[in-house]
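Structural characterization, general
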Amino acid sequence: MSKNDSQIVVSKKTLIIALIVLLLLIAGAVTVALNWNTWFGDPTPTGPSSSQNGKLEIDENAGDWNGQTLPDKTDDAPAVGIKIPGYPSISLPKDQTTVNVALVNPEGNPCYFTFELVLKDTGESLYKSKLVPPGKAITEITMSKALSAGEYDATIKITTTSLEDGSAMNGANVETVLIVK
């Protein structure tokens, strides 16, 4: 083997090593790029009130609440520091899907509320909101179906999401009666 041949062999080895290092750098850069938000970004909630891109979805129908204070069901709630409103009954017009209600997240709560209105007898969900900030309320909802006249036992499932980091907190189930006239 001549001196030139050994230089060519060294050059081929150097080229192969350089290509391997380059491929490892590219793979590392792709891995970091794909995981950047997970490793270094803000926490992204993945609960029922987050969108497909992981961002919090505030309900577009949530507005400022200046109405009557609802009965407080905090004693029934498992979470200390979260005020849960009570709904002894809710009056609704018969045969209408768009109805006026007052689903309120009391001012000062450390969390967003998500409301779900469920019929107790069937477990059917009539309505589910997106996130409602503290001090805001949803005053008009569109239910999945209209109800005929009568009284219906229902549950308002309140799911809570931390204002701080978007994590799930304790929620509550508030029993109510839908009075449809």
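The coordinates are above.
The model shown is predicted, which means the values in this text are computed figures rather than measured ones.

Definitions and limits used
- Residues numbered from 1 in each chain as written.
- Predicted model: local features only at pLDDT ≥ 70, side-chain atom pairs only at ≥ 80, totals over all residues.
- Heavy atoms only, no water.
- Helix = DSSP H or I, 4+ residues; strand = E, 2+ residues; numbered from the N terminus.
- Buried < 20%, exposed > 50% of the residue type's maximum accessible area, 1.4 Å probe, protein only.
- Contact = heavy atoms within 4.5 Å.
- Areas by Shrake-Rupley, 256 points an atom, 1.4 Å probe, with all protein chains shown as cover.
- Pairing = 2+ DSSP bridges.
- Axes fitted to C-alpha atoms, helices over the stretch in contact; angles between N-to-C directions.
- Patch = residues over 30% accessible without salt bridge, like charges linked within 9 Å, V, L, I, M, F, W, Y side chains within 5 Å.
- Salt bridge = Lys/Arg side-chain N within 4 Å of Asp/Glu carboxyl O.
- Core = buried A, V, L, I, M, F, W, Y, C linked by side-chain atoms within 4.5 Å.
- Phe/Tyr/Trp six-rings, centres within 6.5 Å; stacked < 30°, edge-to-face > 60°.

1. Brief notes about the overall build of the protein
Across its full length, the protein carries 1 helix and 8 strands. In sequence order, the protein lays out its α and β elements as α-β-β-β-β-β-β-β-β. Within the protein, the proportion of its 181 residues that are buried is 31%. In the protein, once contacts between residues fewer than 6 apart in sequence are set aside, the share between residues at least 24 apart is 65%. Of the accessible surface of the protein, which amounts to about 11400 Å², a share of 54% is contributed by carbon and sulfur atoms.

2. Quick word on the environment of Asn-61
Along the chain, Asn-61 turns up in the loop between helix 1 (3-40) and strand 1 (62-64). Taking the C-alpha atoms as reference points, Asn-61 and Ala-137, separated by 76 residues in sequence, lie 8.0 Å from one another. Not counting the four nearest positions on each side in its chain, Asn-61 is found in contact with Ala-137 and Ile-138.

3. Considerations on unusual backbone geometry
The backbone phi angle of Asp-95 is positive, close to 60°, even though this residue is not glycine. Within the secondary structure layout, Asp-95 lies in the loop between strand 2 (89-92) and strand 3 (98-105).

4. Considering the sheet that holds strand 1
As summarised here, the arrangement of the 3 strands in space is 1-6-3, forming an open sheet in which the pairing is antiparallel. Strands at the two margins of the open sheet, each flanked by one partner only, are strand 1 and strand 3. In this sheet, adjacent strand axes meet at a mean angle of 35° when their direction is disregarded. Two elements, strand 1 and strand 6 (residues 136-142), share 3 bridges in a ladder whose sense is antiparallel. Considered in strand 6, the bridge of Asp-64 is made with Lys-136.

5. Structural notes on a nonpolar patch on the surface
Judged by side-chain polarity, Leu-15, Leu-19, Leu-22, Leu-23, Ile-26, Val-30 and Leu-34 come together as a nonpolar surface patch covering roughly 710 Å² of accessible area. Note that Leu-23 resides in helix 1.

6. Some details on the pattern of salt bridges
A full pass over the atoms with the stated rule returns 5 salt bridges. Of the charged contacts in the structure, one is a salt bridge between Lys-145 and Glu-124, with a shortest N-O distance of 3.2 Å. On the criterion of sequence distance, the pair formed by Lys-145 in the loop between strand 6 and strand 7 (150-162) and Glu-124 in the loop between strand 4 (111-119) and strand 5 (125-128) is long-range, its members being 21 residues apart. Judged by its relative accessible area of 34%, Lys-145 falls in the partly exposed class. Salt bridges linked by common partners bring Glu-57, Glu-60 and Lys-130 together as one network.

7. Structural notes on the nonpolar core
Leu-92, Leu-103, Leu-117, Ile-141, Ile-156 and Leu-178 are the most contacted members of the largest nonpolar core, which totals 30 residues. The set of elements that each furnish at least two residues to this core consists of strand 2, strand 3, strand 4, strand 5, strand 6, strand 7 and strand 8 (168-180). If we skip the residues at most four places from it in the chain, Leu-117 touches Glu-124, Ser-125, Leu-126, Tyr-127, Ile-141, Met-143, Ala-154, Thr-155, Ile-156 and Leu-178.

8. Points about the sheet that holds strand 8
Read from one edge to the other, the open sheet built from 5 strands follows the order 2-8-7-4-5, with strand pairing classed as mixed. At either margin of the open sheet sits one strand with a lone partner, and together these are strand 2 and strand 5. Strand-to-strand twist of the sheet, defined as the mean angle between neighbouring strand axes without regard to direction, takes the value 30°.

9. Some details on the packing of aromatic side chains
Counting across every chain of the model gives 1 aromatic pair. Measuring from ring centre to ring centre gives 5.7 Å for Phe-113 and Phe-115, while their planes differ by 75°; the resulting arrangement is edge-to-face. The class for Phe-113 is buried, based on a relative accessible area of 0%. For Phe-115, a relative accessible area of 0% puts it in the buried group.

Bear in mind that shape data such as this cannot, by itself, settle questions of function.
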